[in-house]
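Descriptive analysis of the structure
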Amino acid sequence: MKNQIGSFVIADPNKCTGCRSCELACFATHNEDNNIGYTVGTVEIPVIPRLYLVKDEKFYMPIQCRQCEHAPCLNTCPVNAIKKENNVMIVNDEKCIGCKTCLVACPFGAIDLLPQYKDGKEVEQAALKESNKVAYKCDLCKDKEKIACVNACPQQALKLVTPMDDKKAKNKKAAASLLMANK
């Protein structure tokens, strides 16, 4: 996928039904080559997406990385495990030491520390401080043609936007409101 500068996925909580299709699609996409398809969702290997669903009594909403221009997660990582690659913040699992600084620094709560699995088994990494947990966050399905969560949502509650798209939409709304107010 060719990422536009500053692109990120946003969710419309008015459309989201909490079906978790986005989480499953994310997990499946990031584990295509991991040989865990037969054990997904078992007690031993949980579904670990790079986004997560927030639920309240009245709404559901997936939370994803906003791919910040001056990313706090990148700037606070003491071992440089997070890097910007093609305008996307990427976590290098092998460098991550599980220190949680990125998790604390993220203003959107879009990073989680979770165990890593390979070939159906939990990966043990000697460098990790926090019991084999590494940082997980949205990477806009790097190296893929489509963004899995956006593509999988049956309600079309997710969409890829750029700050320019968002600015144009807000300007269009403001102009429409102004036009209606002048009638």
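Rules behind the numbers
- Residues numbered from 1 in each chain as written.
- Predicted model: local features only at pLDDT ≥ 70, side-chain atom pairs only at ≥ 80, totals over all residues.
- Heavy atoms only, no water.
- Salt bridge = Lys/Arg side-chain N within 4 Å of Asp/Glu carboxyl O.
- Buried < 20%, exposed > 50% of the residue type's maximum accessible area, 1.4 Å probe, protein only.
- Helix = DSSP H or I, 4+ residues; strand = E, 2+ residues; numbered from the N terminus.
- Contact = heavy atoms within 4.5 Å.
- Phe/Tyr/Trp six-rings, centres within 6.5 Å; stacked < 30°, edge-to-face > 60°.
- Lys NZ or Arg CZ within 6 Å of the ring centre and 35° of its normal.
- Core = buried A, V, L, I, M, F, W, Y, C linked by side-chain atoms within 4.5 Å.

**As for the pattern of salt bridges**
Under the counting rule described, the total for this entry stands at 3 salt bridges. Note that Lys-83 is salt-bridged to Glu-85, the shortest N-O span being 3.1 Å. Under the relative-accessibility criterion, Glu-85 is labelled partly exposed at 29%.

**A closer look at the environment of Met-61**
Along the chain, the position of Met-61 falls in strand β3 (residues 60–63). In contact with Met-61, other than residues within four places in its own chain, are Ala-11, Pro-13, Cys-16, Tyr-52, Leu-53 and Val-54.

**Here's the deal with the packing of aromatic side chains**
All chains considered together, the criterion is met by 0 aromatic pairs. The ring of Phe-108 has Arg-66 sitting right over it, with the charged end atom 5.4 Å from the ring centre.

**Remarks on the nonpolar core**
With 41 residues, the main nonpolar core has Ala-135, Cys-149 and Leu-158 as its most contacted residues. Listed by contribution, the elements that provide at least two residues to this core are β1 (8–11), α1 (21–30), β3, β5 (88–91), β9 (133–136) and α4 (148–152).

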